[in-house]
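Remarks on the overall topology
Spelled out from the first residue to the last, the chains are:
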Amino acid sequence: WSTEVEELHGGDALEAMTISSTKGEETRRVEIGGLFYAIGHVPNTGFLDGQLETNETGYLVLKDGQETSIHGVFAAGDVMDHVYRQAITSAGSGCMAALDAEKYLDALEQKG
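Given the structure is predicted, the values throughout are model-derived calculations rather than measurements.

With that out of the way, let us pick up the sheet that holds strand 1 (residues 3–10). The strand order across the open sheet built from 3 strands is 1-2-3, with neighbouring strands paired in antiparallel fashion. Two strands in the sheet have a free side with no partner beyond their single neighbour: strand 1 and strand 3 (27–31). Across this sheet, the average inter-strand angle for adjacent strands is 25°, counted without regard to direction. Relative to strand 3, strand 2 (residues 14–21) runs antiparallel, the two sharing 5 bridges. Of the residues in strand 3, the one forming a bridge with M17 is V30.

Here it is as structure tokens:
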């Protein structure tokens, strides 16, 4: 906790990392064989500038499947999932959003 990765060390495989404290000047080297780097716990939805509905913590609110508050706009991954986040959720919800978008586009084609 309260550390940031400064440098990764190794050749063909990860061997160690240098981390620094976010509460002081301390840095240290930690021997490791793998790394899962979590980017953060704040959803990257600020660029939307309020155009889509979000909850009180900034995650997109979904209305039907992966559809957002604007009809025809779909969301996937960390911006809409405050529980699981990261790779598995992003991949799974990405597929869900793609299927919802395909269904939406098919409906538009039927009308047009």
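Moving on to the pattern of salt bridges. Following the criterion strictly, the structure yields 2 salt bridges and no others. In this structure, the salt-bridge partner of R29 is E31, at a minimum N-O distance of 3.3 Å. Classification of R29 by relative accessible area gives partly exposed; the value is 47%. A relative accessible area of 58% means that E31 is categorised as exposed. With its nearest N and O atoms 2.6 Å apart, the salt bridge here joins E53 to K63. Of the two residues, E53 is situated in the loop between strand 3 and helix 1 (86–111) and K63 in the loop between strand 3 and helix 1; the sequence distance between them amounts to 10 residues. By relative accessible area, which is 53% here, K63 ends up exposed.

This part is about the side chain of Q66. Residue placement: Q66 occurs in the loop between strand 3 and helix 1. Judged by relative accessible area, which is 4%, Q66 ranks as buried. Contact partners of Q66, with chain neighbours within four places excluded, come to V73, F74, A75, A76, M80, S93, M96, A97 and D100.

On to the side chain of E67. Its place among the elements puts E67 in the loop between strand 3 and helix 1. Buried and without a salt bridge, E67 has K103 as its closest oppositely charged side chain, separated by 8.9 Å. Residues within four places of E67 in sequence aside, it is in contact with V61, L62, G72, V73, F74 and D100.

A separate point is unusual backbone geometry. One non-glycine residue with positive phi stands out, namely S2, at about 55°. Within the fold, S2 resides in the segment before strand 1. Classification of S2 as partly exposed rests on a relative accessible area of 32%. A positive phi angle, close to 50°, is found at D49, a residue other than glycine. Note that D49 resides in the loop between strand 3 and helix 1. On the accessibility criterion, D49 (68% relative accessible area) is exposed.

Criteria and cut-off values
- Residues numbered from 1 in each chain as written.
- Predicted model: local features only at pLDDT ≥ 70, side-chain atom pairs only at ≥ 80, totals over all residues.
- Heavy atoms only, no water.
- Pairing = 2+ DSSP bridges.
- Helix = DSSP H or I, 4+ residues; strand = E, 2+ residues; numbered from the N terminus.
- Axes fitted to C-alpha atoms, helices over the stretch in contact; angles between N-to-C directions.
- Salt bridge = Lys/Arg side-chain N within 4 Å of Asp/Glu carboxyl O.
- Buried < 20%, exposed > 50% of the residue type's maximum accessible area, 1.4 Å probe, protein only.
- Contact = heavy atoms within 4.5 Å.
- Lys, Arg positive; Asp, Glu negative; His and termini not counted.

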